[in-house]
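# Notes for the structure review
Here are the chains, one letter per residue:
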Amino acid sequence: MLEIWGRPYSSNVIPVIWAANELGLEYRLQLAGGSFGKLDTDAYVKINPNRMIPAIRDGDFALWESLSIVRYLCDRYGSGGLSPSDIQTRAIADQWMEWSASRAFMPVIHLFFATVRTQPDQRDPAKIVALAAEAHAALTILDAHLVARPYVCGDAFTMGDIPLGCVAYRYFNVAVDREPLPHVQAWYQRLAARPAYRDHVMRHFGTNPDEWAALEKACASEGVL
């Protein structure tokens, strides 16, 4: 059985869990990282010498790095679907996955840490405003791309939507003022109609570090395993 090592509140693990569920794969989630530890064990270092999450083990095959895992799962188990069979369409999916990591992810995750992962009395309002503006500026590029298509590769949902869909959930659910992104918002609503997205991406993450920690700790008893 496929093993996914990580925790279901980690921004880098969520795309892997979402992809596995979109593909209908059976898997065992090995809770690791953060308060769950296990990253310094000899067993885990054999899977990922970086001692980071996520990582997978698919039979005798081990792989780490979030986007590499998503590509692998989609190529192996979703060829012609989540992994487009047309080479140019697949290249576009790959392009937007790379863009998600290089341009969209960082301002959004920094915004997330500046709000949800920082105690309210320690937050820097000017920093939050600047990060929100930076995130918006990046997502305007996606907004323009989605004017003429429902998903990043065209009419069909593909692996290209997965990393960005995880970024979008973080962005639209932190307590900051946001300027409109009508096409990104419409795409986000289409993703929200997908059961795997609702179940594995749209997880309430709290409003402060204490709530975040309690929710993450509780996931072990919520039928996630």
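This structure is a prediction, so every number in the text was calculated from the model and none was measured.

About the cut-offs
- Residues numbered from 1 in each chain as written.
- Predicted model: local features only at pLDDT ≥ 70, side-chain atom pairs only at ≥ 80, totals over all residues.
- Heavy atoms only, no water.
- Pairing = 2+ DSSP bridges.
- Helix = DSSP H or I, 4+ residues; strand = E, 2+ residues; numbered from the N terminus.
- Salt bridge = Lys/Arg side-chain N within 4 Å of Asp/Glu carboxyl O.
- Buried < 20%, exposed > 50% of the residue type's maximum accessible area, 1.4 Å probe, protein only.
- Axes fitted to C-alpha atoms, helices over the stretch in contact; angles between N-to-C directions.
- Arc of directions from axis to C-beta.
- Polar contact = N/O pair within 3.5 Å; in protein donor to acceptor, adjacent residues only side chain to side chain.

### Looking at the pairing of strand β4 (residues 61–64)
Strand direction decides the pairing type here: strand β3 (residues 55–58) and β4, joined by four bridges, are antiparallel. The residue bridging D58 from the neighbouring strand is F61, located in β4. Between β3 and β4, which pair antiparallel one after the other, the connecting turn spans two residues, and G59 there sits at a positive phi close to 70°.

### A few points about the pattern of salt bridges
One pass over the full model with this rule turns up eight salt bridges. The salt bridge involving R194 is made with E22; its shortest N-O contact spans 3.0 Å. Highlighted residues: R194 in the loop between α7 (182–192) and α8 (195–200) and E22 in helix α1 (residues 14–22), separated in sequence by 172 residues. For R194, a relative accessible area of 23% corresponds to the partly exposed category. Given the relative accessible area of 21%, E22 is considered partly exposed.

### Let's talk about the sheet that holds strand β1 (residues 2–6)
The four strands lie next to each other as β2-β1-β3-β4, forming an open sheet whose pairing is mixed. Each end of this open sheet is capped by a strand with a single partner; those strands are β2 (27–31) and β4. With direction set aside, neighbouring strand axes in the sheet form an average angle of 20°.

### Looking at helix α9 (residues 209–218)
Looking at α9, one finds that the buried residues are P209, W212 and E216. Relative to the axis of α9, the buried residues are bounded by an arc of 60° and lie together on one face. Opposite the buried face of α9, at more than 90 degrees from it, the exposed residues are D210 and K217. For α9, the N-terminal capping position is held by N208, with its side-chain oxygen 3.0 Å away from the main-chain nitrogen of D210.

That is the geometry; function is a separate question.
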